Amino acid sequence: MTSSHTDCHFCLQSLRGRKYALRDENAYCVPCYDSLYANPCEECKQPIECSSKDLAYKGRHWHEGCFRCAKCSRSLVEKPFAAKDEVLLCTECYSDEYSSKCFHCQKTIMPGSRKMEFKGSSWHESCFVCQYCQQPLGTKPLIIKDNENCCVPCFEKKFAHHCYACKKVITSGGVAYHDQPWHKECFVCAVCNAQLSGQRFISKDEHPYCVDCFSKFHAKKCAACKKPIAALGGAKYVSFEERQWHGECFSCAKCSVSLVGQEFLTRQDDVLCHKCGSA
């Protein structure tokens, strides 16, 4: 530029009728300014004179003609580019060398585009969708099914087990009973509602019962002591003409000898050993 400044601040030569540059309100002739303040070009290492365009990126400078892709030499002026290890590359070269491939479509994920990552793999944002409803997953919870991503609602609708009792989805754990899935908290005694998961129980008419309730309401009563004959663990009992006895209660009504495995006789409601019955 030209102005009313009289002399160069460095060499003191007259600036009248000459181009000059200002720095900190001081005027310099072009040669002095270039020698003192011109930035060195990263590519050719020559000063970027004040008459040239200075392109800067992260504290480094280039001549306009030197601002090129390090691999294919195409100009990067007003073009998108990427940096790798302080080397500038056009987006195409950077993609060929460093960009991830989309796990779904196997195409390059271009620099500057949004990339989704999950379990060590990368996706285009548009490819990271539920395989069933095709809705974007983004950062939503998901489930892997047959090596494909599935949103939770689709998984629950198509694959999840539903509790036989409450009909709601079983998300974890659960109990199998009569080939039906149950929540642990739903698998309870049909009488007292005590949870049966991990406990001993007895099944009757497709309903589970805790031992106490089964013994109280459904177990056979011993004809001798009138107490329940618990079926849990294969309790031994004797059955005769629709009556049952504990093994230890099945004895002669007269002499109390055990009749288990022995011949016996009946007299009205009593059972007798052969000897007492014949007397």
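All values reported here derive from a predicted model rather than from experimental measurement. (Residues numbered from 1 in each chain as written. Predicted model: local features only at pLDDT ≥ 70, side-chain atom pairs only at ≥ 80, totals over all residues. Heavy atoms only, no water.)

Q: I would appreciate a short explanation of the overall build of the protein chain in the present structure.
A: Counting its regular elements, the protein chain contains 5 helices and 20 strands. Overall size of the protein chain, expressed as C-alpha extent along the three principal axes, is 155 × 35 × 30 Å. Out of the 279 residues belonging to the protein chain, those deemed buried represent 31%. For the protein chain, restricting intrachain contacts to residue pairs at least 6 apart in sequence, the fraction spanning at least 24 positions comes to 11%. On the protein chain, roughly 18,800 Å² of surface is accessible, and the fraction owed to carbon and sulfur atoms is 48%. Separation of charge centres in the protein chain, based on 37 positive and 31 negative side chains, amounts to 7 Å. (Helix = DSSP H or I, 4+ residues; strand = E, 2+ residues; numbered from the N terminus. Buried < 20%, exposed > 50% of the residue type's maximum accessible area, 1.4 Å probe, protein only. Contact = heavy atoms within 4.5 Å. Areas by Shrake-Rupley, 256 points an atom, 1.4 Å probe, with all protein chains shown as cover. Lys, Arg positive; Asp, Glu negative; His and termini not counted. Charge placed at Lys NZ, Arg CZ, Asp CG, Glu CD.)

Q: Whenever I open this one, the layout of surface pockets confuses me. Can you help?
A: Take a probe with the size of a water molecule and roll it over the atoms, and the empty space left behind shows itself. Here the largest pocket is characterised by a volume of approximately 260 Å³. In terms of lining, the largest pocket is formed by 15 residues, of which the most central are Phe103, Trp123, Asn147, Glu148 and Asn149. Broken down by secondary-structure element, the contributors of at least two residues to the lining of the largest pocket are β8 (121-124) and β10 (148-151). Looking at the second largest pocket, its volume works out to about 200 Å³. Surrounding the second largest pocket, 13 residues form its lining, Glu43, Trp62, Cys66, Arg68 and Ala70 being those nearest its centre. By residue class, the composition of the lining of the second largest pocket is 6 nonpolar, 2 polar and 5 charged. (1 Å grid on protein atoms, 1.4 Å probe; cavity = no way out; pocket = protein on both sides within 12 Å on 5 of 7 lines; lining within 4 Å. Points joined across faces, edges and corners; volume = space filled by probe spheres on them. Nonpolar A, V, L, I, M, F, W, Y, C, P; charged D, E, K, R; others polar.)

Q: Looking at this structure, how should I read the pairing of strand β20 (residues 270-273)?
A: Look at any regular strand and the pattern is simple: side chains alternate between the two faces of the sheet. Here 4 bridges tie strand β19 (residues 264-267) to β20, and the two strands are oriented antiparallel to one another. Each bridged residue has a counterpart across the sheet, and for Phe264 the counterpart in β20 is Cys273. A loop of 2 residues connects β19 with β20, the two strands running antiparallel in sequence, and Gln268 in this loop sits at a positive phi of about 55 degrees. (Pairing = 2+ DSSP bridges.)

Q: Quick question: what am I supposed to make of the environment of Lys216 here?
A: Looking at the secondary structure, you find Lys216 in helix α4 (residues 211-217). The class for Lys216 is exposed, based on a relative accessible area of 60%. Considering only alpha carbons, one finds Lys216 and Ile229, 13 residues apart in sequence, at a separation of 9.9 Å.

Q: Please explain the domain arrangement of the protein chain as it appears in this structure.
A: Quoted interface sizes are often the accessible area lost when the parts come together. Per the domain assignment, the segments making up the protein chain are domain 1 (38-96) and domain 2 (219-278). For domain 1 and domain 2, the distance between their C-alpha centroids amounts to 103 Å. (Domains from an automatic or database assignment.)

Q: For this particular structure, what's the right way to read the side chain of Gln244?
A: By secondary structure assignment, the location of Gln244 is in strand β18 (residues 243-246). Here the side chain of Gln244 touches Ser239 through a polar contact of 3.5 Å, side chain to side chain. With sequence-adjacent residues up to four places away left out, Gln244 is seen in contact with Lys220, Lys221, Cys222, Ala223, Ile229, Tyr237, Val238 and Ser239. (Polar contact = N/O pair within 3.5 Å; in protein donor to acceptor, adjacent residues only side chain to side chain.)

Q: Quick question: what am I supposed to make of the UniProt feature "domain: LIM zinc-binding" (unreviewed entry) in the protein chain here?
A: The positions that UniProt labels "domain: LIM zinc-binding" (unreviewed entry) are, in the present scheme, residues 39-100, 161-220 and 221-279. For residues 39-100, the end-to-end C-alpha separation is 36 Å, with 11% helix and 26% strand making up the annotated structure. The span residues 161-220 carries 12% helix and 25% strand; its end-to-end C-alpha distance comes to 36 Å. (UniProt positions renumbered as here; feature names shortened; annotations may be inferred.)

Q: Before we go on, may I ask you to explain helix α1 (residues 30-37) in this structure?
A: Turn by turn, an α-helix covers 3.6 residues, leaving residues three or four places apart pointing in a common direction. Taken together, the buried positions of α1 are Cys32, Tyr33 and Asp34. Contacts from the buried residues of α1 go to β1 (20-23) and β2 (26-29).

Q: Where do I start with the state of the cysteines in this structure?
A: Joining two cysteines, a disulfide is a covalent bond between their sulfur atoms. Going through the model one piece at a time under the given rule, you end up with 0 disulfides. Residue Cys225 stays outside any disulfide, its sulfur separated by 3.7 Å from that of Cys222, the closest cysteine. (Disulfide = S-S within 2.5 Å.)

Q: Hey, could you run me through the side chain of His124 in this one?
A: Checked against the element boundaries, His124 lands in strand β8. We classify His124 as buried; its relative accessible area is 16%.

Q: Can you help me understand the pattern of salt bridges in this one?
A: Side-chain pairs of opposite charge can arise where the charged atoms are in close proximity. The final tally for this structure, using the stated rule, is 4 salt bridges. A salt bridge links Glu42 to Arg60; the nearest nitrogen and oxygen atoms lie 4.0 Å apart. Taken together, the residues Glu42 in the loop between α1 and β3 (54-57) and Arg60 in strand β4 (residues 60-63) connect sequence positions 18 residues apart. The partner of Glu125 in a salt bridge is Arg114, with the nearest N and O atoms 3.0 Å apart. Here Glu125, found in the loop between β8 and β9 (142-145), pairs with Arg114, found in the loop between α2 (91-97) and β7 (115-118); they are 11 residues apart in sequence, far enough to count as distant. (Salt bridge = Lys/Arg side-chain N within 4 Å of Asp/Glu carboxyl O.)

Q: Would you mind showing me how to read the pairing of strand β5 (residues 81-84) here?
A: Bridge count between β5 and strand β6 (residues 87-90): 4 bridges; the pairing is antiparallel. Pairing of Phe81 across the sheet is with Cys90, part of β6. The antiparallel hairpin formed by β5 and β6 contains 2 residues in its connecting segment, where Asp85 sits at a positive phi of about 55 degrees.

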